[in-house]
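Notes for the structure review
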Amino acid sequence: MPTMSLQPQRTVAELKELRALTGDADGAQRVAFTDTWAKARGWLREKLAQIPVDVYQDEAGNLWATLNGKSERELLIGGHIDSVPNGGWLDGCLNLMAGVEVLRRIAAQGTPPVTIRLVDWCDEEGARFGRSLFGSSAVSGALVPDEVRNLTDRDGIKLVDAVKAHGIDLDRALDARKELKNAAAYLELHIEQGPVLLSKDLPMGAVLGTFGVERHQITFTGQAAHSGSTPMNHRRDALGGVSKLHLAIRDIAVKHGGVCTVGKVTTEPGIVTSVVAQAMMTLDQRHLDSATLAAMYKDARDASERIAVEEKIGVEWKKIWQIQPFPFHRALIDMADESIEEICGVSSRLPSGPLHDAAEVCRTGVPTVMLFVQSLHGISHNKIEDTKEEHIEMSVRALDRLADKTMQWIVGGGSTGGSRKPS
Ligand SMILES: [Zn+2]
């Protein structure tokens, strides 16, 4: 039996141990490039020292544990031990500790057919400097050192100096790209951090990919006018644009099966006795399919222009940020689905709203998939983040099952991995 020595209850125990070591009454405190983060990594190294793996830190600060197999081709399993301040006890470290348990099981059975590498990505959360996916974007080549060099934390410390204190030379971070040279597949287990699995009463789901994002700032411009002396038909009310567009955007999201959010609205002059001269809103649109995301964006633009004419006001768009969707590998999604069904008796497929390190690996063309396990309350990045222990144990078993299937798939030539997509 391939799972004989797997002990998923040990993963639960180790996660509690990590929580006791690096958390406090407000939650997990493993913010990257802090002493607590270094302490957590020291603890992880102690765990890894009991397994026959080579451990080292790459140029971008990612920690790798390698179990050599009969082939140089590699199965990668990833997670992140860093947390947001006052974070939960599972985000990032569940993936990692489940991976440690899978490594133990595979190592106990002798030399695996392919090389297995567990990676603790460096600074997934970006909590201190506002740049998420630091280590994985260095490995994918998407990181631009000059864009992050002078980012400062709230004490005025620069990123370039903070990472140096942890053995990272920012100017060499992109050398870590070599780590994916032999990668044939990448697996990441994660808590869902949303309410979808909980609402369907499902323990786990196979992840289809990460959403692409269009994020813009939209400004409507009208005319300030006295709230008493200006008749309604003489007004050019900029807030009318925001109000109408907000409602239009909800319909656009439903029509295309995506999500659209207006998260911030401001008005000028912003006083009780004046018609609004200028109204600004943010728009965040997400979808798994790039053509549909483009259509959602176009619909929103068209609606804003129609509304501007109706309201006799001006409208201007400014891009804040954009990222393409990263659909995961079809064969791996199928195997993830099968693994979940075998362990949980039932599975489903769902997209990921949040970005993950898996998106950066996927960007390079390495076949990638994620497993989600249900989040209680549908909440994360908060100390109340939780998952039933029986679901945590199922998730370790499902990751282990998927690791076995993926090794066979790599041996059977299913993956052409290790080659980078031209960008
Ligand atoms: Zn995470």
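Structure: above.
Here's a quick rundown of the structure.

Reading the values: rules and limits
Residues numbered from 1 in each chain as written. Predicted model: local features only at pLDDT ≥ 70, side-chain atom pairs only at ≥ 80, totals over all residues. Heavy atoms only, no water. Helix = DSSP H or I, 4+ residues; strand = E, 2+ residues; numbered from the N terminus. Rg over C-alpha atoms; globule rule 2.2 N^0.38 Å. Buried < 20%, exposed > 50% of the residue type's maximum accessible area, 1.4 Å probe, protein only. Contact = heavy atoms within 4.5 Å. Areas by Shrake-Rupley, 256 points an atom, 1.4 Å probe, with all protein chains shown as cover. Lys, Arg positive; Asp, Glu negative; His and termini not counted. Charge placed at Lys NZ, Arg CZ, Asp CG, Glu CD. Pairing = 2+ DSSP bridges. Donors = N, O, S within 2.8 Å, 3.2 Å for Na, K, Ca; no water. Disulfide = S-S within 2.5 Å. Polar contact = N/O pair within 3.5 Å; in protein donor to acceptor, adjacent residues only side chain to side chain. Phe/Tyr/Trp six-rings, centres within 6.5 Å; stacked < 30°, edge-to-face > 60°. Expected span 1.5 Å × (residues − 1).

**Digging into the overall build of the protein chain**
From N to C terminus, the protein chain includes 12 helices and 16 strands. The C-alpha radius of gyration computed for the protein chain amounts to 24 Å, which stays within 12% of the reference 22 Å derived for 423 residues, consistent with globular compactness. Principal-axis analysis of the C-alpha atoms places the extent of the protein chain at approximately 85 × 45 × 45 Å. Of all 423 residues assigned to the protein chain, the portion counted as buried reaches 55%. The contacts of the protein chain with a sequence gap of at least 6 include a subset with a gap of at least 24, amounting to 79%. In the structure as shown, the protein chain presents an accessible area of about 17900 Å², 50% of it carried by carbon and sulfur atoms. In the protein chain, 48 positive and 56 negative side-chain charges are present, and the distance between their average locations comes to 3 Å.

**As for the pairing of strand 9 (residues 212-221)**
The side chains of a regular strand alternate between the sheet's two faces. With seven of its 10 residues buried, strand 9 lies for the most part within the structure. Pairing of strand 9 with strand 13 (residues 314-323), which is carried by nine bridges, proceeds in the antiparallel orientation. Of the residues in strand 13, the one forming a bridge with Q217 is K318.

**Considering the coordination of the zinc ion**
Every protein donor of the zinc ion is accounted for by H80 (NE2), D91 (OD) and H190 (NE2), and the metal-donor separations fall at 2.0 to 2.2 Å. Owing to a relative accessible area of 0%, H190 belongs among the buried residues under this scheme.

**As for the state of the cysteines**
Scanning all chains against the criterion turns up zero disulfides. Among the cysteines around C344, which has no disulfide bond, C93 carries the closest sulfur, lying 20 Å off.

**Thoughts on the side chain of K47**
Looking at the secondary structure, you find K47 in helix 2 (residues 35-48). In this structure K47 comes out as buried when scored by relative accessible area, which is 13%. Separated by 3.1 Å, the side chains of K47 and E17 make a polar contact.

**Remarks on the environment of I168**
Residue position: I168 is located in the loop between helix 6 (159-164) and strand 7 (183-191). The exposure class assigned to I168 is buried, which follows from its relative accessible area of 1%.

**What about the packing of aromatic side chains?**
The geometry of an aromatic ring pair is captured by two quantities: the separation of the ring centres and the angle between the planes. Scanning the model with the defined rule gives five aromatic pairs in all. An angle of 70° between the planes, with centres 5.3 Å apart, marks the rings of F33 and W37 as edge-to-face. Residues F33 and W37 agree in their burial class; the two are buried. A centroid spacing of 5.6 Å and a plane angle of 85° characterise the contact between Y297 and W317, whose relative ring orientation is edge-to-face. With Y297 in helix 9 (residues 290-311) and W317 in strand 13, this residue pair connects regions lying 20 residues apart in the sequence. A network of ring pairs unites the aromatic residues F33, W37 and F134 as a single cluster.

**Some details on helix 1 (residues 8-22)**
Compared with the 21 Å implied by 1.5 Å per residue over 15 residues, the 21 Å span of helix 1 between its first and last C-alpha is a close match. Among the structural elements, strand 1 (23-24), strand 2 (27-28), helix 2, helix 3 (93-108) and helix 12 (389-411) are those in contact with the buried residues of helix 1.

These results come straight from atomic positions and should not be treated as a statement about function.
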